[in-house]
Amino acid sequence: MIDPRVLEKMNIYMTREYGNAASNEHAFGWNANEAVNIAREKISNSINCSPNEIYFTSGATESNNLAILGSINLQSDNSHIISLKTEHKSVIDIFNYASINNINTTLLNVKQDGMIDLDIFEKSITSNTKLVSIMMANNEIGVIQPIPEISRICKKHNVILHVDAAQALGKIKFDLINLDIDLMSLSAHKIYGPKGIGALYVNRKTMKNRIKSITYGGGHENGLRPGTLPVHNIVGFGEACEIIYNEINDNTSLITELTDLMLQSLNNGYPGFILNGHSKIRIPGNLNISFPDLKEEPLIQRLRKIAVSSGSACTTSSPEPSHVLSALGINNRLINSTIRIGIGKFNTINDIKDAANYILKVVNKLKIKKNIKMVKKD
Ligand SMILES: *Cc1c(COP(=O)(O)O)cnc(C)c1O
């Protein structure tokens, strides 16, 4: 749900202040431009970069496309790019597209807990490697990759590092002055902001003349991303970013408490459940849980009353098992008995208790009764 304070701000720019930020002939244009500047500042202040390093896009998917495809030359060079098998579907798809366009691509396996293997990663870098794309926090299993170590390896080999931080924004504090990252994708709707707006952070020192636009049009956003700016969405994104970082400590303690309560409740009613992904190095509020020994049918279809999902929200329309869970080595049968539970700042203790009870009722009904033979003594 959008934060009501964000919606309130956006309303102004959809009604009274409906100027085009690129029109500099009248006050409506100036006001719109001013609002965009303020939003850009709010976002850059939250992650400690310069406002002119923020380029607005339609979301993290587009930012991922611009970051990766804008940094390589399809067809014309023998570039090599590296990512993980557990990345967001958009990155996987971009890699597939690059691969059929003469780019050498590597999608690395992860460890069983979903973490990158830094040795294997460094060994996979060749003299042709141009870009590495690794997400900060995983959207399906919540694990946090060691970005500082990954960045050190990238710098050592002079490789561009792109980080998809759509899940990390607002949940992890990070400081782009100290993190050696070249490109970073952000999205507003993961932080209670509007859908359809995101940004690409472009490090102005390291990326100078190293990234080009992948769409064509007017000169907006320094020519890197042409198109009329959606002022209301940008204002909403700026507001959402400021709010989420002002309140990050309170949100983190609330969501951690609710997440622990969910785990505790599930453990009381179904002790054999499996939490997928590293148990500690993870963002709060993102639980991916498998229930072993259930009848072979998609668990998710039995849980219609609450908003749990299978694999990822972005790919629920596809019947294939989650590529992330497959990469962790989980078999299709267990993937069928796996759900993803998202817990946010608007949830309450009662929400969690109700959801846990409902889930437990369903899974215990689906549990295969093992025939336990009573052996009579004597
Ligand atoms: C949600 C998400 C995306 C896609 O973001 P959109 O703004 O919806 O395009 C990309 N990467 C990750 C890790 C995400 O969680």
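Each remark here, short or long, concerns the structure printed above.
Model, not experiment: these values are computed from the prediction. (Residues numbered from 1 in each chain as written. Predicted model: local features only at pLDDT ≥ 70, side-chain atom pairs only at ≥ 80, totals over all residues. Heavy atoms only, no water.)

**Q** I tried to follow the overall build of the protein chain on my own but got confused; where do I start?
**A** Secondary structure summary: the protein chain contains 11 helices and 10 strands in total. Against the 2.2 N^0.38 benchmark of 21 Å for 378 residues, the protein chain shows a C-alpha radius of gyration of 23 Å, consistent with a compact globule. Along the three orthogonal principal directions, the C-alpha set of the protein chain runs to about 95 × 50 × 35 Å. Per-residue burial for the protein chain yields a buried fraction of 52% across its 378 residues. By sequence separation, contacts in the protein chain at least 24 residues apart represent 73% of the contacts at least 6 residues apart. (Helix = DSSP H or I, 4+ residues; strand = E, 2+ residues; numbered from the N terminus. Rg over C-alpha atoms; globule rule 2.2 N^0.38 Å. Buried < 20%, exposed > 50% of the residue type's maximum accessible area, 1.4 Å probe, protein only. Contact = heavy atoms within 4.5 Å.)

**Q** Which parts of the structure should I look at to understand the site of the ligand?
**A** Taken together, Gly59, Ala60, Thr61, His88, Met135, Asn139, Asp164, Ala166, Gln167, Ser187, His189 and Lys190 form the complete shell of residues around the ligand. One of the backbone nitrogen or oxygen atoms of Ala60 is found 2.9 Å away from an oxygen atom of the ligand. Contacts to the ligand include Gln167, whose side-chain N or O atom sits 2.9 Å from an oxygen atom. Considered on its own, the ligand offers 380 Å² of accessible surface; in the complex 90% of this is hidden by protein. Of the residues contributing to the shell around the ligand, the split by class is three nonpolar, seven polar and two charged. (Near = heavy atom within 4 Å. Polar contact = N/O pair within 3.5 Å; in protein donor to acceptor, adjacent residues only side chain to side chain. Areas by Shrake-Rupley, 256 points an atom, 1.4 Å probe, with all protein chains shown as cover. Nonpolar A, V, L, I, M, F, W, Y, C, P; charged D, E, K, R; others polar.)

**Q** Just to check I follow, could you spell out the nonpolar core for this structure?
**A** What tends to happen in soluble globular proteins is that the nonpolar side chains get buried as a cluster. Of all hydrophobic cores here, the largest spans 68 residues; its most connected members are Phe56, Phe121, Met136, Phe174, Met184 and Phe237. Looking at which element gives the most residues to this core, the answer is helix H7 (residues 231–246), with nine residues. Each of domain 1 (4–243) and domain 2 (248–366) gives at least three residues to this core. In contact with Met184, not counting residues within four places along its chain, are Met136, His162, Val163, Ala165, Phe174, Leu176, Ala199, Leu200 and Tyr201. (Core = buried A, V, L, I, M, F, W, Y, C linked by side-chain atoms within 4.5 Å. Domains from an automatic or database assignment.)

**Q** What is the right way to look at the pattern of salt bridges in this model?
**A** Opposite charge on two side chains permits pairing when their charged atoms draw close. Inspection of the entire model under this criterion finds 13 salt bridges. Arg225 is paired through a salt bridge with Glu62; the nearest N and O atoms lie 2.7 Å apart. Here Arg225 is found in the loop between strand E7 (198–202) and H7, whereas its partner Glu62 is found in helix H3 (residues 60–69), with 163 residues between them in sequence. Taking the shortest distance from any N to any O, the salt bridge between Lys155 and Asp182 comes out at 3.1 Å. Separated by 27 residues along the polypeptide, Lys155 in helix H6 (residues 147–156) and Asp182 in the loop between strand E5 (160–164) and strand E6 (183–187) bring together distant segments of the chain. What makes Lys155 partly exposed here is its relative accessible area of 32%. (Salt bridge = Lys/Arg side-chain N within 4 Å of Asp/Glu carboxyl O.)

**Q** When you look at the sheet that holds strand E8 (residues 274–275) in this model, what are you seeing that I'm missing?
**A** Either a parallel or an antiparallel arrangement is found when strands of a sheet pair, and the pairing is made through backbone hydrogen bonds. Pairing in this open sheet of three strands is antiparallel, and the strands run E8-E9-E10 from one edge to the other. Taken across any chain shown, the strands that pair with only one partner, and hence form the sheet edges, are E8 and strand E10 (338–342). With five bridges connecting them, strand E9 (residues 286–290) and E10 associate as antiparallel partners. Within E10, the position partnered with Ser290 by the bridge is Thr338. Contacts from helix H8 (residues 248–269) reach E8, E9 and E10 within the one sheet, and its direction differs from that of E9 by about 15°. (Pairing = 2+ DSSP bridges. Axes fitted to C-alpha atoms, helices over the stretch in contact; angles between N-to-C directions.)

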